[in-house]
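Examining the three-dimensional arrangement
The primary structure of each chain is shown beneath.
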Amino acid sequence: MKYALVTGGSRGIGRAICLKLSEMGYPVLINYQSNKEAAEETKRQIEVNGGKAELLAFNVSSIEDVDNVLSKWMENNPEDYIAILINNAGIRKDTMMVFMKNQQWEDVINTNLNGFFYVTRRLLKDMITKRYGRIINIVSLSGLKGLPGQTNYSAAKAAVIGATKALAQEVSSRKITVNAVAPGFIITDMTKELDEKTLKNLIPVRRFGQPEEVAELVGFLASDKAGYITGEVVSINGGM
Ligand code: NAP
């Protein structure tokens, strides 16, 4: 059976993507780092709608954690494989570069960039052997445009965009597509301290986006219908 894994599926955009992929018929593996309660809530919502879900706790920025948990899942599910991977787990630690601590730089690179590498590399072999896969990386407007106060985050997201384009070409002959989705301001815990009233004036459609709007786009890219789209970065930002 084909499974979908969503990193950072406990909250925000990741939760909406879990629900969407479940609605499309995939059993969903909900990854989270520490917020088990939120991950349980995502699972509950999937099950209420008649879907199937499992929690998979690991820290995407820890190579040991990623390899241990994913290897164990593969051992326990020899007939199944993860065909849909959504690299969504992310953090930001904003500050101007002149004040940025090593830790703030490293944490953001480790989670947003190295996490993408550790998880994707672990799952690629199965997708290649089975000759089917969908990899969707949640990046950001910040990685396309660069945003002040986010040199660490912009660098990590821009790097994932480069890797998306390179990997797409490595695996396209095996019917694996690799794309990135770049949201602008979306209403989640990550943006809850931002001043929406002021910031929405920068957005042509004059509002923040909803996680479900991002999930619809991810759902399309994860579907069979999107087999001819690969190596792309699709923006979803209200016209910014
Ligand atoms: P969020 O509400 O803060 O949720 C973050 C999710 O990532 C949580 O599920 C969290 O798990 C998980 N996570 C964080 N670090 C992790 C780690 N080391 N290992 C495993 N899971 C980890 O964030 P969001 O707004 O939904 O953002 C989702 C993605 O969209 C991120 O990549 C973000 O950069 C990107 N994005 C967001 C916006 C926006 O406006 N919201 C805009 C552009 C791009 P726990 O619940 O266990 O903490």
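About the cut-offs
- In this numbering scheme, every chain counts its residues from 1 along its sequence in written order.
- This being a predicted model, a pLDDT of at least 70 is required before a residue's local features are given, and a value of 80 or more before pairs of side-chain atoms are given or counted; all residues contribute to the totals for chains, interfaces and linings.
- Side-chain measures were taken over the full set of non-hydrogen atoms in the model, leaving aside hydrogen atoms and water.
- Strands are runs of DSSP state E lasting at least 2 residues, helices are runs of H or I lasting at least 4, and numbering of each runs from the N terminus.
- Under the convention used throughout, the expected extent of a helix is 1.5 Å for every residue step, that is, one less than its residue count.
- Working rule for contacts: check all heavy atoms of both residues, and any pair within 4.5 Å makes them a contact.
- Nearness is defined per residue: one heavy atom within 4 Å of the molecule or strand is enough.
- What qualifies as a polar contact is a pair of N or O atoms within 3.5 Å, subject to a donor-acceptor requirement within protein and to the restriction that residues adjacent in sequence count only when both atoms come from side chains.
- Computed with a 1.4 Å probe, the accessible areas rest on the Shrake-Rupley method; for each residue, only the protein chains presented here act as cover.
- Each residue receives one of three labels: charged for Asp, Glu, Lys and Arg, nonpolar for Ala, Val, Leu, Ile, Met, Phe, Trp, Tyr, Cys and Pro, and polar for the others, Gly being one of them.
- In this scheme Phe, Tyr and Trp rings, the latter by its six-membered ring, pair at centre separations within 6.5 Å, and the angle between planes marks the pair as stacked below 30 degrees, edge-to-face above 60, and tilted otherwise.
- Only protein chains enter the accessibility calculation, which uses a 1.4 Å probe. A residue is then buried if its area is under 20% of the maximum for its type, exposed if over 50%, and partly exposed in between.
- Two conditions define a charge sitting above a ring: the NZ of Lys or the CZ of Arg must be within 6 Å of the ring centre, and it must be within 35 degrees of the ring normal.
- Exposure above 30% relative accessible area and the lack of any salt bridge qualify a residue for a patch; like charges then connect within 9 Å, and the nonpolar side chains Val, Leu, Ile, Met, Phe, Trp and Tyr within 5 Å.
- By convention in these notes, a salt bridge is any Lys or Arg side-chain nitrogen within 4 Å of a carboxyl oxygen on Asp or Glu.

1. Topic: helix H8 (residues 211–222)
Taking 1.5 Å as the rise per residue, H8 with twelve residues should run 16 Å; its terminal C-alpha atoms sit 16 Å apart, in good agreement. For H8, the secondary structure elements touched by its buried residues are helix H1 (12–23), strand E4 (81–87), strand E5 (133–138), strand E6 (176–183) and strand E7 (233–236).

2. Looking at the site of the ligand
What surrounds the ligand is a group of 31 residues, the closest being Ser-10, Ser-34, Asn-88, Tyr-153 and Thr-188. Contact between the ligand and Gly-184: an oxygen atom at 3.2 Å from a main-chain N or O atom of the residue. Summarising the interface, the protein chains cover 95% of the accessible area of the ligand, which totals 900 Å² for the free molecule. Secondary-structure elements contributing two or more residues to the shell around the ligand are H1, strand E2 (28–32) and helix H6 (151–171). Here the shell around the ligand is composed, by residue class, of 13 nonpolar, 15 polar and three charged.

3. Considering the packing of aromatic side chains
Overall, the coordinates contain three aromatic pairs when judged by the stated rule. Ring geometry for Tyr-3 against Trp-73: centres 5.0 Å apart, planes inclined by 75 degrees, an arrangement best described as edge-to-face. Taken as a pair, Tyr-3 in strand E1 (residues 2–6) and Trp-73 in helix H3 (residues 63–76) lie far apart in primary sequence, 70 residues in all. Residues Tyr-3 and Trp-73 agree in their burial class; the two are buried. Considering the side-chain rings of Phe-117 and Tyr-118, the 5.9 Å spacing of their centres and the 50 degrees angle between planes classify their relative orientation as tilted. Assessed through its relative accessible area of 17%, Tyr-118 is described here as buried. Positioned over the ring face of Tyr-132 is Lys-2, at 4.1 Å from the centre of the ring. A cation sits over an aromatic face here: Lys-130 above Tyr-81, 5.2 Å from the ring centre.

4. Topic: a nonpolar patch on the surface
On the surface, Met-96, Val-98 and Phe-99 cluster together into a nonpolar patch covering about 370 Å² of accessible area. Assignment of secondary structure puts Met-96 in the loop between E4 and helix H4 (102–130).

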